[in-house]
Amino acid sequence: SIIWFHSGETCRDYGLIALPFFTYLSVGFNNYSARTFLSFTKSRASRLLLPWLLWSLIYALYSLQHRIRARQPALDWVETNMLFYGPSLHLWFLPFLFAVNLFSWITVRSLQRLPVIAQVIACLGLILVSFAIPNLLHSDIAPAGQWLSLSPAVGIGVVIALLKPILSSPWNAVLILGAVA
């Protein structure tokens, strides 16, 4: 769907549905139970940041050789905010998913210690805040706009992660369908 979006074809905006879908699945169905924060971070880094670093290196080398051949300054395209997305803006999703996974681990583990009623109240607040964030905070600085636009999917993912142990397995399908709707 992302390729469809970037192709410029008719109804291409429907291709963006994959980003919130993958975000809330990644957050909602992580294993938050038996890991320490350090082991969770290492696991997420190897699955998300290593592929991102590989592709970032490929794009950086390509950009560098292209500029050298064109006799342009080699590094004038480098910006500080590239630490959050890499040498090409379309690589923003993996660092975002890494940061979101760390945030969700802290949030889920903290909220799991609360009584169920407090978890429900926290979930309602989290959903309200996560849906308000894209409307309250606007940024034209890449990749902040992309990151902010997916905050509702992060909120839904955290709620799914919190509800999973409370509900029986067949309800997981209902949670997925409800979140997609």
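Definitions and cut-offs
Residues numbered from 1 in each chain as written. Predicted model: local features only at pLDDT ≥ 70, side-chain atom pairs only at ≥ 80, totals over all residues. Heavy atoms only, no water. Axes fitted to C-alpha atoms, helices over the stretch in contact; angles between N-to-C directions. Helix = DSSP H or I, 4+ residues; strand = E, 2+ residues; numbered from the N terminus. Left-handed = near helix turned anticlockwise from the far one by under 90°. Contact = heavy atoms within 4.5 Å. Nonpolar A, V, L, I, M, F, W, Y, C, P; charged D, E, K, R; others polar. Expected span 1.5 Å × (residues − 1). Buried < 20%, exposed > 50% of the residue type's maximum accessible area, 1.4 Å probe, protein only. Core = buried A, V, L, I, M, F, W, Y, C linked by side-chain atoms within 4.5 Å. Phe/Tyr/Trp six-rings, centres within 6.5 Å; stacked < 30°, edge-to-face > 60°. Patch = residues over 30% accessible without salt bridge, like charges linked within 9 Å, V, L, I, M, F, W, Y side chains within 5 Å. Areas by Shrake-Rupley, 256 points an atom, 1.4 Å probe, with all protein chains shown as cover. Salt bridge = Lys/Arg side-chain N within 4 Å of Asp/Glu carboxyl O. pLDDT = per-residue confidence, 0-100.

Thoughts on the packing of helix 2 (residues 18-28) against helix 4 (residues 93-112)
So, point 1. Two numbers describe how helix 2 lies on helix 4: the axes approach to 10 Å, and their chain directions differ by 35 degrees. The element helix 2 and its partner helix 4 pack so that their crossing is right-handed. Of the residues in helix 4, those touching helix 2 at Leu-19, Phe-22, Thr-23, Ser-26 and Val-27 are Phe-93, Phe-96, Leu-97, Val-100, Asn-101 and Ser-104.
So, point 2. Here the contact of helix 2 with helix 4 is built from residues that sort into seven nonpolar, four polar and no charged.

As for helix 3 (residues 37-69)
So, point 1. A rise of 1.5 Å per residue sets the reference length of helix 3, with its 33 residues, at 48 Å; its end C-alpha atoms lie 45 Å apart and thus fit the reference within 8%.
So, point 2. Inspection of helix 3 places Phe-40, Thr-41, Ser-43, Arg-44, Leu-48, Leu-49, Trp-52, Ser-56, Ser-63 and Arg-67 among the buried residues, and these make up the whole buried set.
So, point 3. Structurally, helix 3 contributes buried residues whose contacts are with helix 4.
So, point 4. In the segment just after helix 3, Arg-71 is the residue with positive phi, at about 60 degrees.

Regarding the nonpolar core
So, point 1. If you look at the biggest cluster of nonpolar residues, it comprises 29 residues, and the most contacted ones within it are Tyr-32, Trp-92, Phe-93 and Phe-96.
So, point 2. Going through the elements one at a time, helix 2, helix 3, helix 4, helix 5 (116-136) and helix 7 (151-163) are the ones with two or more residues in this core.
So, point 3. No other element matches the nine residues that helix 4 contributes to this core.
So, point 4. For Phe-96, the residues in contact, after removing those within four places along its chain, are Thr-23, Trp-147, Leu-150 and Val-154.

Side note on the packing of aromatic side chains
So, point 1. Tallying each qualifying case throughout the model produces 11 aromatic pairs.
So, point 2. An angle of 55 degrees between the planes, with centres 6.4 Å apart, marks the rings of Trp-55 and Tyr-59 as tilted. Here Tyr-59 and Trp-55 lie together in helix 3, a separation of four residues that amounts to about one turn.
So, point 3. Given the relative accessible area of 45%, Trp-55 is considered partly exposed.

A few points about the environment of Trp-105
So, point 1. Within the element layout of this structure, Trp-105 appears in helix 4.
So, point 2. Residue classification places Trp-105 among the buried positions, given a relative accessible area of 10%.
So, point 3. In this structure, Trp-105 is in contact with Tyr-32, Arg-35, Thr-36, Phe-37 and Phe-40, ignoring residues within four places of it in sequence.

A few points about a nonpolar patch on the surface
So, point 1. Nonpolar side chains collect at one region of the surface, where Val-116, Ile-117, Val-120, Ile-121 and Leu-124 lie side by side and expose about 490 Å² of accessible area between them.
So, point 2. Within the secondary structure, Ile-121 is located in helix 5.

Quick notes on the confidence of the model for the protein
The predicted structure's coordinates, where accompanied by low pLDDT, should not be read in detail.
So, point 1. Put simply, the protein has an average pLDDT of 84, and 82% of its residues get 70 or more.
So, point 2. The lowest-confidence element of the protein is helix 8 (residues 170-180), averaging 57 in pLDDT; the highest-confidence one is helix 4, averaging 94.

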